[in-house]
Amino acid sequence: MIIASNFKTNHTRSSTHEYMQKLDTFVRESGSAQRVMVFPPATALDRFDTAEQITTGVQNAYPVEKGSFTGEIGLEQIDEFGLKTILIGHSERRHIFGETQALCAKKYAFFQEQGFEIVYCIGEPREVREQGIEAVVDYNFAQLEGIDLSYEKLIVAYEPVWAIGTGLSASVEQIDETMTHLRKKIKAPLLYGGSVKPANTEEILKIADCDGVLVGTASWDVEAFCEMIAIADKLG
Ligand code: PGA
């Protein structure tokens, strides 16, 4: 399983170091078999001396090596820390910062070319969910436009926008049904994201096509994140 934490705009450089240390200790001491990913904010990026199964990634970057793109980071800034994993297409990037599908696809192509592992996020807003499963599937498939699904370092995160940060996860039935449809096109590992927490981790990880979770809010507390990793381990 893949258990991933997206810090978003949370944690400082110093609290991230503390977090990574605790996480590393937990993973080593528990002998966890999970793949663990952490996406700290850009100011907290570093070369963390963690167990091999823990990967640090970047939440966002502009598809350039370097240049004049105020407020953005590019390949040169990521390379400094030897990082090779990136989140692309997160709903907050799409909906708050207006990233178009064309820009997501451009970022994808650039970082694919650079050999990055890409966690590519898709997910429908509430009004689409209310129109039923067909509309949901069409919307999610449209977010795959221009994305090379055969890329071997791709992981897809299905994160319904209405479930992100709301405390209200999609139901197991909704996730299961949606993932079954997504699976027809996506052979890459499929994660679910949207109000995942220790209390619902087990039922979500048991969903047939679900290969892991991408967690925001609940994962900012390292103990809760470790608890979710332990739940995955218990499931075997
Ligand atoms: P959440 O965020 O766990 O706070 O809902 C998930 C995400 O945006 O990846």
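Just so it is clear, the structure is predicted and the values come from calculations on it, not from any experiment. (Residues numbered from 1 in each chain as written. Predicted model: local features only at pLDDT ≥ 70, side-chain atom pairs only at ≥ 80, totals over all residues. Heavy atoms only, no water.)

(A) Broad picture of the site of the ligand. Close to the ligand lie 13 residues; His90, Glu159, Gly165, Ser195 and Thr217 are nearest. In the environment of the ligand, an oxygen atom lies 2.6 Å from a nitrogen or oxygen atom belonging to the backbone of glycine 165. In this structure, an oxygen atom belonging to the ligand sits 2.5 Å away from a side-chain N or O atom of threonine 217. When the free accessible area of the ligand is taken as 280 Å², the share hidden by the protein chains comes to 99%. Taken together, the residues of the shell around the ligand sort by class into four nonpolar, seven polar and two charged. (Near = heavy atom within 4 Å. Polar contact = N/O pair within 3.5 Å; in protein donor to acceptor, adjacent residues only side chain to side chain. Areas by Shrake-Rupley, 256 points an atom, 1.4 Å probe, with all protein chains shown as cover. Nonpolar A, V, L, I, M, F, W, Y, C, P; charged D, E, K, R; others polar.)

(B) Seen up close, the pattern of salt bridges. All chains considered together, the criterion is met by 13 salt bridges. A salt bridge links glutamate 124 to arginine 129, with the nearest nitrogen and oxygen atoms 3.0 Å apart. A relative accessible area of 14% places arginine 129 in the buried class. Between lysine 206 and glutamate 202 there is a salt bridge, and its shortest N-O distance comes to 2.9 Å. (Salt bridge = Lys/Arg side-chain N within 4 Å of Asp/Glu carboxyl O. Buried < 20%, exposed > 50% of the residue type's maximum accessible area, 1.4 Å probe, protein only.)

(C) View of the nonpolar core. Formed by 64 residues in total, the largest nonpolar core has its most connected members in Leu23, Phe111, Ile118, Tyr120, Tyr192 and Phe225. At six residues, the largest contribution of residues to this core is made by helix H9 (residues 222-235). Phenylalanine 111 has contacts with Ala61, Tyr62, Pro63, Leu75, Ile78, Ile86, Ile88, Phe116, Ile118 and Tyr151, leaving out every residue within four places of it along the chain. (Core = buried A, V, L, I, M, F, W, Y, C linked by side-chain atoms within 4.5 Å. Helix = DSSP H or I, 4+ residues; strand = E, 2+ residues; numbered from the N terminus. Contact = heavy atoms within 4.5 Å.)

(D) Quick peek at a negative patch on the surface. A surface patch of negative charge is lined by Glu173, Asp176, Glu177 and Glu203. The leading source of residues in the negative patch is helix H7 (residues 172-182), at three residues. For aspartate 176, the position within the fold is in helix H7. (Patch = residues over 30% accessible without salt bridge, like charges linked within 9 Å, V, L, I, M, F, W, Y side chains within 5 Å. Lys, Arg positive; Asp, Glu negative; His and termini not counted. Charge placed at Lys NZ, Arg CZ, Asp CG, Glu CD.)

(E) Main features of the sheet that holds strand E2 (residues 35-39). If you trace the eight strands from one edge of the open sheet to the other, you get E3-E2-E1-E8-E7-E6-E5-E4, paired in parallel fashion. Each having just a single partner strand, strand E3 (54-56) and strand E4 (85-88) make up the two edges of the open sheet. Along the sheet, successive strands turn relative to each other by an average axial angle of 20°, direction set aside. When E4 meets strand E5 (residues 117-122), the two strands line up parallel, connected through four bridges. Bridge pairing in E5 places leucine 87 opposite valine 119. In the packing of H7 onto the sheet, contacts are made with E5, strand E6 (154-158) and strand E7 (190-193), and the angle to E7 comes to roughly 150°. (Pairing = 2+ DSSP bridges. Axes fitted to C-alpha atoms, helices over the stretch in contact; angles between N-to-C directions.)

(F) Geometry of the packing of helix H6 (residues 133-142) against H7. One can describe the packing of H6 onto H7 by two numbers: an axis separation of 10 Å at closest approach and a directional angle of 50°. By the angle between their axes, H6 is oblique relative to H7. The handedness of the crossing between H6 and H7 is right-handed. Of the residues in H7, those touching H6 at Ile133, Val136, Val137, Asn140 and Phe141 are Glu177, Thr178, His181 and Leu182. (Parallel < 35°, antiparallel > 145°, perpendicular 65-115°, else oblique. Left-handed = near helix turned anticlockwise from the far one by under 90°.)

(G) Structural detail: the packing of aromatic side chains. Taken as a whole and judged by the stated rule, the model has eight aromatic pairs. Among the aromatic residues, ring-to-ring pairing joins Phe7, Tyr19 and Phe225 into one connected group. Sitting over the ring of phenylalanine 141, lysine 185 keeps its end group 4.4 Å from the ring centre. (Phe/Tyr/Trp six-rings, centres within 6.5 Å; stacked < 30°, edge-to-face > 60°. Lys NZ or Arg CZ within 6 Å of the ring centre and 35° of its normal.)

(H) Representation of the side chain of threonine 56 in the model. Within the secondary structure, threonine 56 sits in strand E3. Setting aside its immediate chain neighbours within four residues, threonine 56 contacts Met20, Val38, Pro40, Phe48, Leu83 and Thr85.

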